[in-house]
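# Overview (structure and organization)
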Amino acid sequence: MQTKPLFAAFMAILISLALSGCVSQRPTQTAATIDPSNATVGVSMPTKSLERWNRDGAHLSEKLTGMGYKTTVQYADNKTDVQISQLQNMITQNVDVLVIAPIDGTVLGPVIAQAKAKHIPVLAYDRLIENTDGLSYYVSFDNFHVGELQGEYIVENLGLDKGKGPFNIEIFGGSPDDPNAAQFFAGAWSKLQPYVAAGKLVSPSGKVPASPTDWKKIGILGWDSSKAQSEMQTRLNSFYIGSTKLDVVLSPNDSLALGIEQAIGARGFKPGSNWPLITGQDADKANTLNILAGKQAMTVWKDTRLLGDRAALMVDQLVKGQTVEITPGKEYDNGKVKVPTFLLTPTVVTADNVRSTVVEGGFYSAAELGLK
Ligand code: BGC
């Protein structure tokens, strides 16, 4: 098999790392350089059905194209078999680098092995790819911190830290097949569990994980809004009868929050009177509008443009045989290897700071959000 020039660059980095005996100390330059216009980057995104992945795919592709790369971008309709066959096609087409946001982080091992056999480096985008030694890098926001921000928000805004409570809470988890969901839950739980243990947060439905690793039983498969809506409806119908008040819902992201908010609205709750505090993540437009309408308390904004910019830079550094910048001490263990990782910092968005965050940051125009 002919050795790909990019593989040669990649090997040069690995060899020099091995010689230096220090994985975290990366070489600043290597000799091999590929002209970006001769390199194709395969980008595999989970679905077009969620706002954020459309933004991710479009921005990353635009960024890479602007740097001179060719790209092929595919969305897998949230179906693992579709994602695998799309990846197989990209490998057959001899792409030079793969950037993958997996649907199910646990099942891509065999297809990543095919990429590895053809010396195609793989960058995991936003979500980790587990149980494979074929993963070169990972770029994401600090997922545990996303959960911590949601938990902290609940603690501070209910006044739990000032001794207030007890409050009624309903807890939701993300998609059980998404490794990020475990991190989000662990982060939130690290902040909330002490108050659950102290009886200051009480869940009338009893849907409370016994431990941080037991969260999958409250997970919503595929991050599906309508599944979250019907789960919330069931809990409201069964456990919030008479005067039982719902104070707070831990929702790990915006797609779930949207379904939860619909169920709560349909049940006759009113913003500004008995509407519970609801968390989220992504600053999707519908949710940002709901924040302004008093239907969602906060969202954790992970600027997809920054993630795309960083992913493109990492691809470029790889292709050019340069040092790939990572966040020291933040490797993620994927079950087979410790994956060098670049982590970005998420931002809390509330009604009070919408303007100074997503509007001034150019994510939405004031007009799009109905602001003057
Ligand atoms: C992402 C979140 C997103 C969720 C659903 C997670 O892996 O990190 O930003 O809300 O998937 O798409």
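So, here's what we can say about the structure. (Residues numbered from 1 in each chain as written. Predicted model: local features only at pLDDT ≥ 70, side-chain atom pairs only at ≥ 80, totals over all residues. Heavy atoms only, no water.)

## Remarks on the site of the ligand
Taken together, 13 residues lie near the ligand, and Arg52, Asp126, Arg127, Asp178 and Asp282 sit nearest. Within the contact set of the ligand, an oxygen atom lies 2.5 Å away from a side-chain nitrogen or oxygen of Asp282. Contact with the protein chains removes 99% of the 310 Å² of surface that the ligand exposes when unbound. When each cavity is represented as a set of grid points, the ligand is found to reside in the second largest pocket. When residues of the shell around the ligand are traced back to their parent elements, those giving at least two are helix H2 (51-66) and helix H6 (179-197). Partitioning the shell around the ligand into residue classes produces 4 nonpolar, 3 polar and 6 charged. (Near = heavy atom within 4 Å. Polar contact = N/O pair within 3.5 Å; in protein donor to acceptor, adjacent residues only side chain to side chain. Areas by Shrake-Rupley, 256 points an atom, 1.4 Å probe, with all protein chains shown as cover. 1 Å grid on protein atoms, 1.4 Å probe; cavity = no way out; pocket = protein on both sides within 12 Å on 5 of 7 lines; lining within 4 Å. Sits in = over half its atoms within 2 Å of the grid points. Helix = DSSP H or I, 4+ residues; strand = E, 2+ residues; numbered from the N terminus. Nonpolar A, V, L, I, M, F, W, Y, C, P; charged D, E, K, R; others polar.)

## Considerations on H2
Taking 1.5 Å per residue as the helical rise, H2 with its 16 residues ought to reach 22 Å, and the 23 Å between its terminal C-alpha atoms agrees with that figure. The set of residues buried in H2 consists of Arg52, Trp53, Asp56, Gly57, His59, Leu60, Ser61 and Leu64. Among the residues trailing H2, Gly68 stands out with phi positive, at a value near 105°. (Expected span 1.5 Å × (residues − 1). Buried < 20%, exposed > 50% of the residue type's maximum accessible area, 1.4 Å probe, protein only.)

## Some remarks on the side chain of Thr341
Along the chain, Thr341 turns up in strand S13 (residues 341-344). A residue is classified by how much of its surface remains accessible, and Thr341, at 0% relative accessible area, is buried. Within polar-contact distance, the side chain of Thr341 engages the backbone oxygen of Val339 at 2.7 Å. The residues contacting Thr341, other than those within four sequence positions of it, are Tyr138, Ile326, Thr327, Lys330, Glu331 and Tyr332. (Contact = heavy atoms within 4.5 Å.)

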